[in-house]
Structures are given as structure tokens and as C-alpha cells.
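# Coordinate inspection notes
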Amino acid sequence: MSAVRALTVEPGRKGSLSLEEIDEPVPGEGELLVDAIALGVCGTDRELADGDYGWAPAGSDRLVIGHESLGRVREAPEGSGFAPGDLVVGVVRRPDPEPCGACERGLFDNCRNGDYTERGIKELDGFGSEAWTIEADYAVKLDPALAEIGVLMEPMSVIAKAWEQIDKVGGRSWFEPKSVLVTGAGPIGLLAALVGARRGLEVHVLDRNTEGPKPKLVEALGGVYHTDGIADAIAGTEPDIVIEATGAVSLVLDSMTATGPYGVTCLTGVTTAGRKASVDAGSLNRELVLENDAVVGSVNANLSHFTEAAAILADADHDWLQGLITRRIPLADYTETFGPTSGDDVKVVIDIAS
Ligand code: BGC
């Protein structure tokens, strides 16, 4: 049996991230064998490396990390709908074994009992190895033109879900939004802004960085880039929608009252527990009630969101999407990916195929 290099952690143990050789995975029935091309790294992966999050598969103390995948099919079962050479991305979450009502319906992104599993995060090895396997039912085929940028699929799927949630929450009454404020110009924030622009909304993005690629990326969408705080960003336009993509607690609180009447605030940033901020709960409640405002949290994505993400990426400006990938690091130098990030970074990707 041949070996492949894989990025692993011992969940819960800070400093356990390492590149080790594991047996090449063997596809089971109905599964594809995929050669990895690239792997995106996000805050969750940093939490895994810091020992703050993550669960190893049953019977093991190590987890192969990586949930932002991109690979090329090496072997596919007859009749699977896939063929060698296809560009694919793996869905992250799997339904809980019970399953709950949501998981039973394929809506595992909204699992109720928390017993779902996730590739590279929770009890299932991820895509951070030179080769990986995946059930054909959880693989999404990409347009062949996406070989350089298809690694943005997983964050795009998270955004496809977030926008769907906004539409559903807004849909409880008349809702024809004209503007969106996105807080945070990281990959999630910028992809949220991309979708806002594609919908013809007036797009505002708030971030701390005054330099680097972020202002230009927002301007290229026809959006307005703000760096002077949320009050300044909403002066003049009370947005109909706010998508919070920083997880910074004071911004999270402020984002809830940053919309105009009947606004929807969608929270997508995962915060470390224990972060405190003081809040005028009276004003917060008063505004949410008197304006019929709604706040919705959104995490993960199901197969339909991945499929939508594939269509958005195929159709969007590929040069703009390339601009989100600010560093590509060879697998052997993976530690650089987990080191300090600068304001110039949007998405850092590990190049596995190189
Ligand atoms: C991933 C989601 C996942 C969440 C919690 C995020 O980084 O994008 O797919 O559900 O972490 O584990």
C-alpha cells in the first residue's frame, strides 16, 4: 500500500499539527478516489491547530484536517456520474446517524441534535492529504475552468447558505432589499459582497485594513469600502441586510441594529467563547422589536448550497476570484499557513499538487 502525506492534529492538543505519512485511502463502494490539488485554510483550521476545536475519528487520536477541498478524480465507480479527470470538491458535513428531522431531509447543515460529523473537523478525516476518498453523493463536480480557484467552493457554499437564510427570513413579509453591509473583508465577507453585487444591491464593506488588496477587490465589485467603523459605514444608507463576517463581539452587537426597518442581520463569524462586550440591551431589544428586525445565525452548507456555489463560481469573474487567493504555500511549508496573517491576506491556500 502506498503512503501519502497528510496534515493531522491531535484534537485538543496545541502544537500537535504535523505533516505525516498515512496509508493512501482506499475508496469504499460508491466512493471516488481523488488526487488533491489544493486546500483552503480558515479560522476553524487555526482553532484545530491551536487545540481549541475538533474531534478525532472514533478509535483514533489523530484527525486529518482540511475541509476546503479541491481535487481531481483518479478513480470513479461505473455509473457514479464522475470520471477520472473531473474536478471535484467534497461536501463537509454528514447527517447525524439517528437522524434528526433536518438531517433526514438532507438539511444536515441545520442539524438539531449536534451529532452530525464533518470532514476535517468532527470525527471524519478531512481533505488535507495528497489523496482522499469521498462518497460520490457528497462530491460536487466543478467547471474545468475552475482548477485555479475552485478551492473557494467551500466558503462560497457557506455564503450561498447565508444568502438563502436571509431570503427566507426576509420572505416573512414584503422584502425587496436594496443594500447590504458586509462587516469584514476576509474570504467570507468578500464572497458575500460578490453575491450582493450580483444581485444588483448597493454593496458596502467594512474592514480595518486601509491598504492591501481588499479595498480594490470591493471597488471592483462596484462596492464602497469603509474603514472608519460601523456608524460611518451606515451613515446615509441604512442597509436592508447586514452580513457579519468578523465574529468580533462588539461588531456583532452593533451589526444587529445597523439595518434599516425590517432589516435582516446574518451572523456568520464564529467567536471564541468568553469574549465579553457591554451592551445597552434595552436599546437593542427596543430597536429589534419596533423595527421588526431579525438576526439569524448561519453555519455550514448542504449539497444544494455546494451546487449553487459551483454555479456562482463558474459564472463569476475568475480574475476577481483569483485576487482572493493572496498566497499559495506548498504542502511542505504548511506551517507558514498557520502563522500570523497580515491585512494583505485574504485567502491562504496550501498547494498540494505542486
Ligand atoms: C466550516 C463549516 C463548519 C464549521 C463548524 C466552518 O469553518 O466552514 O463547514 O460547519 O466550521 O465546524
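Here we summarise the structure given alongside this text. Quick caveat: nothing in here was measured; it's all calculated off a predicted structure. (Residues numbered from 1 in each chain as written. Predicted model: local features only at pLDDT ≥ 70, side-chain atom pairs only at ≥ 80, totals over all residues. Heavy atoms only, no water.)

## Here we look at the pattern of salt bridges
Between side chains of opposite charge, a pair can form as their charged atoms come close. Worth spelling out the cut-off: Salt bridges are defined as contacts in which a side-chain nitrogen from Lys or Arg sits within 4 Å of a carboxyl oxygen from Asp or Glu. Secondary structure elements are defined from DSSP: runs of H or I of at least 4 residues count as helices, runs of E of at least 2 residues count as strands, and each element is numbered from the N terminus. Burial status follows relative accessibility: with a 1.4 Å probe on protein chains alone, a residue under 20% of its type maximum counts as buried, one over 50% as exposed, and anything between as partly exposed.
What the rule picks out here adds up to 19 salt bridges. Among the ionic pairs, Arg74 bridges to Asp35, the shortest N-O distance being 2.8 Å. Residue Arg74 is found in strand E5 (residues 68-75), and its partner Asp35 is found in strand E3 (residues 31-41); the two are separated by 39 residues along the sequence. By relative accessible area, which is 32% here, Arg74 ends up partly exposed. Look at Asp35 and you get partly exposed, because its relative accessible area is 27%. Residue Arg328 pairs with Glu148 through a salt bridge whose shortest N-O separation is 3.8 Å. Placement of the pair is Arg328 in strand E18 (residues 325-330) and Glu148 in the loop between strand E11 (139-142) and helix H3 (153-170), with a sequence separation of 180 residues.

## Points about the site of the ligand
Basically, it comes down to this: We call a residue near a molecule or strand whenever a single non-hydrogen atom of that residue lies within 4 Å of it. Here a polar contact means two N or O atoms within 3.5 Å. Within protein one must be a hydrogen donor candidate and the other an acceptor candidate, and residues neighboring in sequence count only if both atoms are side-chain atoms. Note on areas: Shrake-Rupley, 1.4 Å probe, and residue coverage restricted to the protein chains presented here. For this classification, the nonpolar set comprises Ala, Val, Leu, Ile, Met, Phe, Trp, Tyr, Cys and Pro, the charged set comprises Asp, Glu, Lys and Arg, and every other residue, Gly included, is treated as polar.
Neighbouring the ligand are Cys42, Thr44, Tyr53, His67, Val92, Arg93, Glu118, Ile121, Glu154, Val158, Val299 and Asn300. Within the side chain of Tyr53, an N or O atom sits 3.1 Å from an oxygen atom of the ligand. Within the side chain of His67, one N or O atom sits 3.4 Å away from an oxygen atom of the ligand. In the complex, the protein chains occlude 89% of the 310 Å² of accessible area that the ligand would expose alone. Taken together, the residues of the shell around the ligand sort by class into six nonpolar, three polar and three charged.

## Details of the packing of H3 against helix H9 (residues 303-315)
Using the following cut-off: Helix axes use the C-alpha atoms of the stretch in contact, all axes being lines fitted to C-alpha atoms, and the angles between their N-to-C directions lie in the range 0 to 180 degrees. Convention used here: angles under 35 degrees read as roughly parallel, angles over 145 as roughly antiparallel, angles from 65 to 115 as roughly perpendicular, and any remaining angle as oblique. The hand of a helix crossing depends on one turn: near helix anticlockwise from the far one by less than a right angle means left-handed, and clockwise means right-handed. Whether two residues are in contact is decided by their heavy atoms: any pair within 4.5 Å suffices.
Running from N to C, H3 and H9 point in directions that differ by 110°, and their axes come no closer than 8 Å. Here H3 is positioned roughly perpendicular relative to H9, judged by the angle of their axes. The two elements H3 and H9 meet at a crossing, and its hand is right-handed. Two secondary-structure elements touch here, H3 through Met153, Glu154, Met156, Ser157, Ala160, Lys161 and Glu164 and H9 through His305, Phe306, Glu308, Ala309, Ala310, Ile312 and Leu313.

## A few points about the packing of aromatic side chains
Short version of the rule: Aromatic pairing here means that ring centres of Phe, Tyr or Trp (its six-membered ring) are within 6.5 Å. Orientation follows from the plane angle: under 30 degrees is stacked, over 60 is edge-to-face, and everything else is tilted. Counted as over-ring charges are cases with an Arg CZ or a Lys NZ within 6 Å of the ring centre that also lie within 35 degrees of the ring normal.
Applying the stated criterion to the full structure yields four aromatic pairs. When the centroid spacing of 5.0 Å and the interplanar angle of 70° are considered together, the rings of Tyr53 and Trp55 count as edge-to-face. You can call Trp55 partly exposed: its relative accessible area is 36%. Between Phe108 and Tyr138 the ring centres are 6.0 Å apart and the planes differ by 50°, which places this aromatic pair in the tilted class. Taken together, the positions of Phe108 in the loop between helix H2 (101-104) and strand E8 (117-119) and Tyr138 in the loop between strand E10 (131-135) and E11 put the pair 30 residues apart, joining distant regions of the chain. For the pair Phe108 and Tyr138, a shared accessibility class is recorded, and that class is buried. The ring of Tyr116 has Arg93 lying over it, and the distance from NZ or CZ to the ring centre is 3.5 Å. Here the guanidinium or amino end of Lys122 rests over the ring plane of Tyr116, the centre of that ring lying 4.5 Å away.

## Section: the side chain of Ser69
Within the secondary structure layout, Ser69 lies in strand E5. With a relative accessible area of 0%, Ser69 lands in the buried category. A distance of 2.9 Å separates the side chain of Ser69 from the backbone nitrogen of Gly90, its partner in a polar contact. The residues contacting Ser69, other than those within four sequence positions of it, are Ala38, Val89, Gly90, Phe127, Trp132, Gly150 and Val151.

## Points about the sheet that holds strand E1 (residues 3-9)
Just so we agree on the cut-off: What makes two strands pair is DSSP finding at least two bridges between them.
Overall, antiparallel pairing links the three strands, which are arranged E2-E1-E4 in an open sheet. Single-partner strands in this sheet number two, and they are strand E2 (18-23) and strand E4 (63-64).

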